[in-house]
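# Report on the structure
Listed below, chain by chain, are the residues.
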Amino acid sequence: EAGVAQSPRYKIIEKRQSVAFWCNPISGHATLYWYQQILGQGPKLLIQFQNNGVVDDSQLPKDRFSAERLKGVDSTLKIQPAKLEDSAVYLCASSLESLRVRDTQYFGPGTRLTVL
Amino acid sequence: QQPVQSPQAVILREGEDAVINCSSSKALYSVHWYRQKHGEAPVFLMILLKGGEQKGHEKISASFNEKKQQSSLYLTASQLSYSGTYFCGTDRMISSGSARQLTFGSGTQLTVLP
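Below you will find a few notes about this structure.

Conventions used here
- Residues numbered from 1 in each chain as written.
- Chains lettered and ligands numbered in written order.
- Predicted model: local features only at pLDDT ≥ 70, side-chain atom pairs only at ≥ 80, totals over all residues.
- Heavy atoms only, no water.
- Disulfide = S-S within 2.5 Å.
- Helix = DSSP H or I, 4+ residues; strand = E, 2+ residues; numbered from the N terminus.
- Buried < 20%, exposed > 50% of the residue type's maximum accessible area, 1.4 Å probe, protein only.
- Salt bridge = Lys/Arg side-chain N within 4 Å of Asp/Glu carboxyl O.
- Pairing = 2+ DSSP bridges.

## Side note on the state of the cysteines
All names here are of chain A. Following the criterion strictly, the structure yields 2 disulfides over all chains and no others. With a sulfur-sulfur separation of 1.9 Å, Cys-23 is cross-linked through a disulfide to Cys-92. In this structure, the disulfide formed by Cys-23 and Cys-92 twists by about -65° around the S-S bond and is classed as left-handed. Taken together, the residues span a long stretch of sequence, with Cys-23 in strand E3 (residues 19–24) and Cys-92 in strand E9 (residues 88–95) at a distance of 69 residues. When sorted by exposure, Cys-23 lands in the same class as Cys-92, which is buried.

What follows is the structure, encoded as structure tokens:
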């Protein structure tokens, strides 16, 4: 079974530029998550999709971050404009659904973003 | 609210044992444990469910103490491959009741030396 795919793996941009990350979840997984992981910290949830609808984006800085999941499969996370504090690893994860206590999240390899 | 993990870091020799704790101020329904090696994605280890169920993965086991709202991860006879950062994720239902999600601790860095 193929895992969660993400691209690019690394990205270096200057502040105020824009950047986009792509995620393709495990086939059949209805729920998709985007996390931000700052060095030395645990993953912090930014947005959660169930199929192609948003179920929680309360921690997404909406003035600069946006995300979409068209057709309920792959997803794109965008930052525009980027700030220095956005430097982090952006992890995508997926699970079969998100209502069951036993549901396991599977993570992709992440995109390491450096903002100069 | 973010769960609290302890210790923050531990160094041990191959073959030694270690315990990592994860505590929450809120009632726990389940605790998910992950291991992340440097530059890699977090890898799922196991889920602990409400009720004190104990699970195992290789020589790694965990327990769930509902009364203390705490989960502990036990690494027995550690191997070099156990090195990495261990995260616990505590499960909660979001306010709308339409989904569950995990809140992760800040991690415990485990280094196993030969």
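## What to know about the pattern of salt bridges
A side chain of one charge can pair with a side chain of the opposite charge when the charged atoms of the two come close. All names here are of chain A. Counted by the stated rule, this structure contains 3 salt bridges over all chains. Across the pair Asp-86 and Arg-64 runs a salt bridge, and its minimum N-O distance is 2.5 Å. On the criterion of sequence distance, the pair formed by Asp-86 in the loop between strand E8 (75–79) and E9 and Arg-64 in the loop between strand E6 (53–56) and strand E7 (65–68) is long-range, its members being 22 residues apart. In this structure Asp-86 comes out as buried when scored by relative accessible area, which is 3%. Looking at Arg-64, the relative accessible area reads 10%, which means it is buried.

## Looking at the pairing of E7 of chain A
Looking along a regular strand, one sees side chains alternate from face to face of the sheet. Residue and element names in this part refer to chain A. Of the pairings in the sheet, the one linking E7 to E8 comprises 4 bridges and is antiparallel in character. Looking at E8, one finds that Phe-65 is bridged to Ile-79. Turn length for the E7-E8 hairpin, with the two strands adjacent in sequence and antiparallel, is 6 residues, and the turn residue Lys-71 shows positive phi of about 60°.

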